[in-house]
Amino acid sequence: MRALAAGLLCLWLAACAGPGSRGPAMPNPDIDPAQRTEVIMTALSLLDTRYRYGGSQAQQGFDCSGLVKYVFGAATGTTLPHNTEQIARMSRPVPRRELRAGDLVFFDTLGRPNSHMGIYLGDGRFINAPSTGGQVRIDRLDSPYYRRHFQSVGTLFAR
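Residues numbered from 1 in each chain as written. Predicted model: local features only at pLDDT ≥ 70, side-chain atom pairs only at ≥ 80, totals over all residues. Heavy atoms only, no water.

Chemist: Give a description of the packing of aromatic side chains that names residues and reports values.
Modeler: Overall, the coordinates contain seven aromatic pairs when judged by the stated rule. Considering the side-chain rings of F62 and Y70, the 5.3 Å spacing of their centres and the 55 degrees angle between planes classify their relative orientation as tilted. By relative accessible area, which is 25% here, Y70 ends up partly exposed. Aromatic ring contacts, followed pair by pair, group F107, F126, Y145, Y146 and F150 into a single cluster. We note R96 situated over the ring of F150; from NZ or CZ to the ring centre the distance is 4.0 Å. (Phe/Tyr/Trp six-rings, centres within 6.5 Å; stacked < 30°, edge-to-face > 60°. Buried < 20%, exposed > 50% of the residue type's maximum accessible area, 1.4 Å probe, protein only. Lys NZ or Arg CZ within 6 Å of the ring centre and 35° of its normal.)

In structure tokens form, the structure reads like this:
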């Protein structure tokens, strides 16, 4: 039973990391900042959508990068990859103190960079698709788990 639980935990933690590869930065799409509200509203409309590894459609469910890909596509028409590492490379780094609604938050949950991500909502909250058997939900950056695993902030918006 422990082996099964450990295996499921490993699968859960790896769920949205994708294969990823370190490489040069990809071009930032420089989305119009006026679309931040649309990104947030689209993301919030997906609360409670089920988690699904590899998922990027509301009907089937989402993993973390699939949620971000879907939200930005629906809200801004921007095509993003379905991979946290690639999205991180596309985003422009932002100091945490300059974090704004619609920016992306990245976490190291597997001992490697960019293994989980979410969309910042404001007031220390972000929306994400965190785990197998779960649903799209709002979490806090200052929760013990996410505070410990926080890595960086990036934006796809023009400044």
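Chemist: Could you give an account of helix α2 (residues 36-44), with specific residues and numbers?
Modeler: Within α2, burial applies to R36, V39, I40, T42 and A43. Down the axis of α2, the buried set is contained in an arc of 165 degrees. They therefore lie on one face. Structurally, α2 contributes buried residues whose contacts are with α3 (64-76), β5 (116-122), β6 (125-128) and β8 (150-155). (Helix = DSSP H or I, 4+ residues; strand = E, 2+ residues; numbered from the N terminus. Arc of directions from axis to C-beta. Contact = heavy atoms within 4.5 Å.)

Chemist: Outline α3, listing residues and values.
Modeler: Counted at 1.5 Å a residue, the expected span for α3 with its 13 residues is 18 Å, and the 18 Å between its end C-alpha atoms agrees. What α3 keeps buried is the set C64, S65, G66, L67, V68, V71, F72, A75 and T76. Among the residues trailing α3, G77 stands out with phi positive, at a value near 75 degrees. (Expected span 1.5 Å × (residues − 1).)

Chemist: Talk me through the nonpolar core; I want residue IDs and the actual numbers.
Modeler: The biggest cluster of nonpolar side chains holds 27 residues, and the ones touching the most others in it are V68, F72, L104 and I119. Elements supplying a minimum of two residues to this core: α2, α3, α4 (84-90), β4 (104-107) and β5. Looking at which element gives the most residues to this core, the answer is α3, with six residues. In terms of nonpolar packing, the next biggest core, distinct from the first, is built from 10 residues, V94, V105, L141 and V153 among them. (Core = buried A, V, L, I, M, F, W, Y, C linked by side-chain atoms within 4.5 Å.)

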